[in-house]
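# Descriptive structure summary
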Amino acid sequence: MAGIATATATAMTHAPVAGYDLERVREDFPILAQRIHGKPLVYLDNAATTQKPRVVLDALASFYATSYANVGRGVHTLTSRATEAYERARATVQRFLGAPHPEEIVFVRGATEAINLVAQSWGRHHVGPGDEILITELEHHSNILPWQMLCAERGARLRVAPVNDRGEVELEGLTALLTERTRLVAVAHVSNALGTILPVREIAEKAHAAGALLLVDGAQAAPHLEVDVQELGCDFYAFSGHKVYGPSGIGALWGRRELLDAMPPWQGGGGMVMRVTFAKTTYQPPPHRFEAGTPFIEGAVALAAALDYVNLLGRPTIAAWEDELLTLLTERLAEIPEVRLFGTARHKAAVVSFTLDGVHPHDIGTILDREGIAVRAGHHCAQPIMDRFGVPATTRASFGLYNAPEDVEALVAGLRRVREMFLG
Ligand code: PLP
C-alpha cells in the first residue's frame, strides 16, 4: 500500500494533511498487511470496530509478562503494580475526555454497559411515573433499549426527536419536545448509521434550561473527534475502547462527580464495598462503587496505550485526514447513478451509508469481501433510523486513521463491478 506521497492522481486533488505519515501509521497495524481472498485487505468497517496498533498488542503482552495480578485487594508487589497501572489508565481516560477528576471515570465493558449503568442506577432513582426521557431518531439500539426498559419499568414516557432528510437533528425539533417532565436527554455524539455529528453543546444548554440532564453516547465520536466533556457541558459521556483502537470488552463512563456520588451501585460483588455484614453493607465511593468484581485490568491498560497512540497522532490531524477520505468517497459515489446516500449532514464524521438501487446490501458486502474489502451491510443496530429512511438496510463504509485514498478507489472499483454483475 502506497502512502500519501505516492497516492493516486484522484487522491492528489485533495491536499494531503500536513505532517500525517500514513505509510508509517499503516505499519503500526500488523493486521493490515494481510491479504483476504488473495487481495490486499481494505478495512472499511471501522464504525463496527477498529484494528489495533502494535503498541496495544505490546501493552497487553508486556502487562501479562511483568505486572499481572488482581487489583486493589492485596499487599504484594504485583498487585500494587497492577493497581497502579489500572489507575494510571483511568487517569489517561480522564485526560482523553477532558474530565476534571479521575474518580469520575468508571471502567465498563463499553458504551452499552455505560448507558445501562446510568439507566439502572441513576434512572431507577430519578425517573418516575409520567416522567420523560428524550432521545433522537438516529440512536443506536444501545441508546434506545436501556431507556425503553427503564420507561416500561417506571411508567415513564420515551420521546423521540426527529431527524430531517439530511439525517440532522434540528435543535428546534428537539427543544420542542423538552417539557418540565423531561428528566434526561440521551443523544449520540456521532451517528453510527449516518455519520451525523450532533450539536451536543447546544443540546446540553437546552436540556439544562429545561431542568434535564444530558447523556452523550460517544461510541462513534471518541475515535474521530476531540472530546472535552467540560466544554460540551454534558452530564454523562460513554464510549467503547474497541472503536478507538483499544481492546473489546473495555470502555468508560464519565459522570459528573456529584451525580456519581449520589448514585447507588447497580451490581453487587467484590471490590465495591467498604464493609459487608448480613445486616448492612456500605459501599466504596465512585468509581469503585460501580466496578463490582474483577475488572478487565489488562483491557484498561491496553486502552490507555490506544488513547496515547491516538493522542500522539493528534485527534485534529486524524479528523482532518478522515475528512479528506469522506469528501473523496462522497464525490466518487456521486459518479455512480444508482447510489443513494443516507446521511448528508453538514457536520459529518467518517461514515458513508448508501444503497445501490437493485442490489441488496448483503450481496454488496459479500461481493466486496471477495475483493478483500470489508464493509458493513445491515441495519447497523439502528433500525428506527432505517425505518425513517424507508430502507431495511444499507451498506456502510467507515474510515479509520489508517485508511488511504487507495481504499476509496478500491471500494469504488468494487462497487462498479457489483453494478455490472447485477445491473449489466
Ligand atoms: N452507540 C453507538 C453510536 C455505536 O455505534 C455503538 C456500537 O456500534 C454502540 C453505542 C455500542 O457500543 P458497544 O457495542 O461497544 O457497547
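Residues numbered from 1 in each chain as written. Predicted model: local features only at pLDDT ≥ 70, side-chain atom pairs only at ≥ 80, totals over all residues. Heavy atoms only, no water.

## Re the pairing of strand β11 (residues 273-276)
- Where β11 meets strand β12 (residues 281-283), 3 bridges bridge the pair, whose relative direction is antiparallel. Bridged to V276 within β12 is T281.
- In textbook terms, the turn of a hairpin is the stretch between consecutive antiparallel strands, and for β11 and β12 this stretch comprises 4 residues. (Pairing = 2+ DSSP bridges. Helix = DSSP H or I, 4+ residues; strand = E, 2+ residues; numbered from the N terminus.)

## A few points about the packing of aromatic side chains
- Applying the stated criterion to the full structure yields 10 aromatic pairs.
- Centre to centre, the rings of F96 and F239 are 6.0 Å apart; their planes meet at 35°, and the pair counts as tilted. Pair noted here: F96 is in helix α4 (residues 77-97) and F239 is in strand β9 (residues 236-240), with a separation of 143 residues, a long-range link.
- Taking relative accessible area as the criterion, F239 reaches 0% and is therefore assigned buried.
- Consider the rings of F342 and F389, whose centres lie 5.9 Å apart with planes at 80°: the pair is edge-to-face. Placement of the pair is F342 in strand β13 (residues 339-342) and F389 in the loop between α14 (383-388) and β17 (394-398), with a sequence separation of 47 residues.
- In this structure F342 comes out as buried when scored by relative accessible area, which is 2%.
- Counting every residue linked through ring pairs, the aromatic cluster contains F29, Y245, Y309 and Y402.
- Sitting above the plane of the F96 ring, R315 keeps its charged end 3.8 Å from the centroid. (Phe/Tyr/Trp six-rings, centres within 6.5 Å; stacked < 30°, edge-to-face > 60°. Buried < 20%, exposed > 50% of the residue type's maximum accessible area, 1.4 Å probe, protein only. Lys NZ or Arg CZ within 6 Å of the ring centre and 35° of its normal.)

## Details of the side chain of S142
- Position of S142 relative to the elements: it lies in the loop between β5 (132-136) and α6 (145-154).
- Classification of S142 by relative accessible area gives buried; the value is 12%.
- Engagement of the side chain of S142 in a polar contact is seen with the side chain of T112, the distance being 2.9 Å.
- Once you skip the residues sitting within four places of it in the chain, S142 turns out to touch T112 and I115. (Polar contact = N/O pair within 3.5 Å; in protein donor to acceptor, adjacent residues only side chain to side chain. Contact = heavy atoms within 4.5 Å.)

## Examining the site of the ligand
- In the vicinity of the ligand, the residues found are G110, A111, T112, H140, S142, N192, D217, A219, Q220, S240, H242 and K243.
- Residue H140 places a side-chain N or O atom 3.3 Å away from an oxygen atom belonging to the ligand.
- In terms of residue class, the shell around the ligand is built from 2 nonpolar, 8 polar and 2 charged. (Near = heavy atom within 4 Å. Nonpolar A, V, L, I, M, F, W, Y, C, P; charged D, E, K, R; others polar.)

## Digging into unusual backbone geometry
- Residue P287 is bonded to the preceding P286 through a cis peptide linkage, with omega at 5°.
- Within the secondary structure, P287 is located in the loop between β12 and α11 (297-313).
- Positioned with a positive phi, Y245 is a non-glycine residue whose angle comes to about 75°.
- Mapping Y245 onto the fold places it in the loop between β9 and β10 (251-255).
- Of note in this structure, C381 is not a glycine but carries a positive phi near 50°.
- With respect to the helices and strands, C381 occurs in the loop between β16 (376-378) and α14.
- Residue classification places C381 among the partly exposed positions, given a relative accessible area of 34%.

## Some remarks on the nonpolar core
- Membership of the largest hydrophobic core comes to 109 residues, with the highest contact counts inside it found for L97, Y237 and L401.
- In terms of residue count, α11 provides more of this core than any other element does, 11 residues in total.
- Taken domain by domain, the makeup of this core includes at least three residues from each of domain 1 (2-46 + 314-423) and domain 2 (56-311).
- The contact partners of Y237, leaving out residues within four places of it in the chain, are L97, H189, V216, G218, A221, A222, V227, V229, L232, A252, L253 and W254. (Core = buried A, V, L, I, M, F, W, Y, C linked by side-chain atoms within 4.5 Å. Domains from an automatic or database assignment.)

## Describing the domain arrangement of the chain
- Domain annotation for the chain reports domain 1 (2-46 + 314-423) and domain 2 (56-311).
- Summarising the inter-unit geometry, the C-alpha centres of domain 1 and domain 2 are found 29 Å apart.
- Contact residues are listed per partner, giving 36 residues for domain 1 and 32 residues for domain 2.
- Surface buried jointly by domain 1 and domain 2 totals about 2,900 Å² across both partners, of which 53% is contributed by carbon and sulfur atoms.
- Of all residues in domain 1, R315, I385 and R388 give up the largest surface area on contact with domain 2, accounting jointly for 25% of the area buried on that side.
- Scanning the region where domain 1 abuts domain 2 turns up 3 salt bridges. (Buried area = accessible area lost by both parts, 1.4 Å probe. Salt bridge = Lys/Arg side-chain N within 4 Å of Asp/Glu carboxyl O.)

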